[in-house]
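The residues making up each chain are set out below.
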Amino acid sequence: KFFQRASNIYHKKQVIRGEIAALNLMGETYRRLRDFRSGIETLQKSLALQPERPQFKDRWLTHFTLGRLHSDSQQFRTARVHLEKSIALVKNVALRLKNNEQRTSFGQRIQPVFEEMVLLHLQEGQNKRAFAYAEEMRAQVFKILFQEKGGIASGAQQVTKAALRSAIMNSVTDESLHFLP
C-alpha cells in the first residue's frame, strides 16, 4: 500500500522518476511475496513511463526485476530476454559515470544483474554460458572501476591493489611477497 500511495502521489504531481521508483519497489515487493502476476503488471507500467533511450538510468533496474520475476515463475526464456536488456543497459549507463564514487557504487549495484544471469543459465543446465557471464561480470566491474579519461582511476587502483594483495596473501603466505605495496 505504501508504494502504491507513493506512486499515486508522484503521478499526481507529475514526478515521473519518483513514480517509476515507487513502481519498481512495488514490483520487487510483489516478487518477494511471490505474487508474480502483480509484479510483472506493475513493472510493465514502470517500463511504459520510461523512454526507450538506453542511457535512461531506471530501465536497467526495471528489466532486472522483471527478469527475476520471470525466472522465479519458471519463465526462463522471458527472464533471459529481460536480463539481457538489463545487462546491455548497465553497460551503457556505466560509460556515462563521471567519478570514482559513482563507478564504485554502480559496480556494486550491477553485480546481481550478472549473478542472476549466471543462475538462470545454471538452472537451464548451460554451464558454459553461466561461466561466460561470470567472467563478463568480473570484466565489467573492472572496466567500470578503471574507467577514467587519461588512465586508471586512483581510487579504483587502490581498491584493486588491496583486493589483489588480499587474494594473494590468502593463497600464499610466503615472506618473499614483501615487494607488494
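Residues numbered from 1 in each chain as written. Predicted model: local features only at pLDDT ≥ 70, side-chain atom pairs only at ≥ 80, totals over all residues. Heavy atoms only, no water.

J.: Can you break down the side chain of Ser46 residue by residue, with the values?
T.: Tracing the sequence through the fold places Ser46 in helix H3 (residues 36-49). Residue class for Ser46 comes out buried when judged on its relative accessible area of 0%. Residues contacting Ser46, with those up to four places away along its chain left out, are Ile20, Leu23, Asn24 and Thr62. (Helix = DSSP H or I, 4+ residues; strand = E, 2+ residues; numbered from the N terminus. Buried < 20%, exposed > 50% of the residue type's maximum accessible area, 1.4 Å probe, protein only. Contact = heavy atoms within 4.5 Å.)

J.: Requested: an account of unusual backbone geometry, with residues and values cited.
T.: The backbone of Gln14 shows a phi angle near 60 degrees, a positive value even though the residue is not glycine. Inspection of the secondary structure assignment puts Gln14 in the loop between helix H1 (2-12) and helix H2 (16-32). With phi around 65 degrees, Gln74 is a residue other than glycine that occupies positive phi space. In this structure, Gln74 sits in the loop between helix H4 (59-72) and helix H5 (76-94). Among the residues examined, Gln74 registers a relative accessible area of 54% and is labelled exposed.

J.: So, the pattern of salt bridges: which residues are in play, and what are the values?
T.: Side chains that differ in charge, positive against negative, can pair when their charged atoms come close. Applying the stated criterion across every chain yields a total of eight salt bridges. With a shortest N-O distance of 2.8 Å, Glu28 and Arg32 are connected by a salt bridge. Residue Glu28 and its partner Arg32 are located together in helix H2, separated by four residues, close to a single helical turn. We note a salt bridge from Glu41 to Arg37, for which the minimum N-O separation is 3.3 Å. (Salt bridge = Lys/Arg side-chain N within 4 Å of Asp/Glu carboxyl O.)

J.: Kindly report on the environment of Val118, identifying the contributing residues and their values.
T.: Tracing the chain through its elements places Val118 in helix H6 (residues 100-123). Placed 13 residues apart in sequence, Val118 and Phe131 show a C-alpha to C-alpha distance of 7.1 Å. Among residues more than four places away in sequence, those in contact with Val118 are Ala130, Tyr133 and Ala134.

J.: Requested: an account of the nonpolar core, with residues and values cited.
T.: Ranked by internal contacts, the top residues of the largest apolar core, which has 21 residues, are Val90, Phe106 and Phe114. Every element with two or more residues in this core is listed here: H4, H5, H6 and helix H7 (127-146). For this core, the leading source of residues is H5, giving eight residues. Excluding residues that lie within four positions of it along the chain, Val90 makes contacts with Trp60, Phe106, Ile110, Val113 and Phe114. Ranked by size, the runner-up nonpolar core spans six residues in total, among them Phe36, Ile40, Leu66 and Leu69. (Core = buried A, V, L, I, M, F, W, Y, C linked by side-chain atoms within 4.5 Å.)

J.: Please provide a residue-by-residue account of the environment of Ala79, values included.
T.: Assignment of secondary structure puts Ala79 in helix H5. Taking C-alpha positions, Ala79 is 7.0 Å from Leu66, a pair spaced 13 residues apart along the chain. Those residues in contact with Ala79 that sit more than four places away from it in its chain are Gly67, His70, Ser71 and Leu120.

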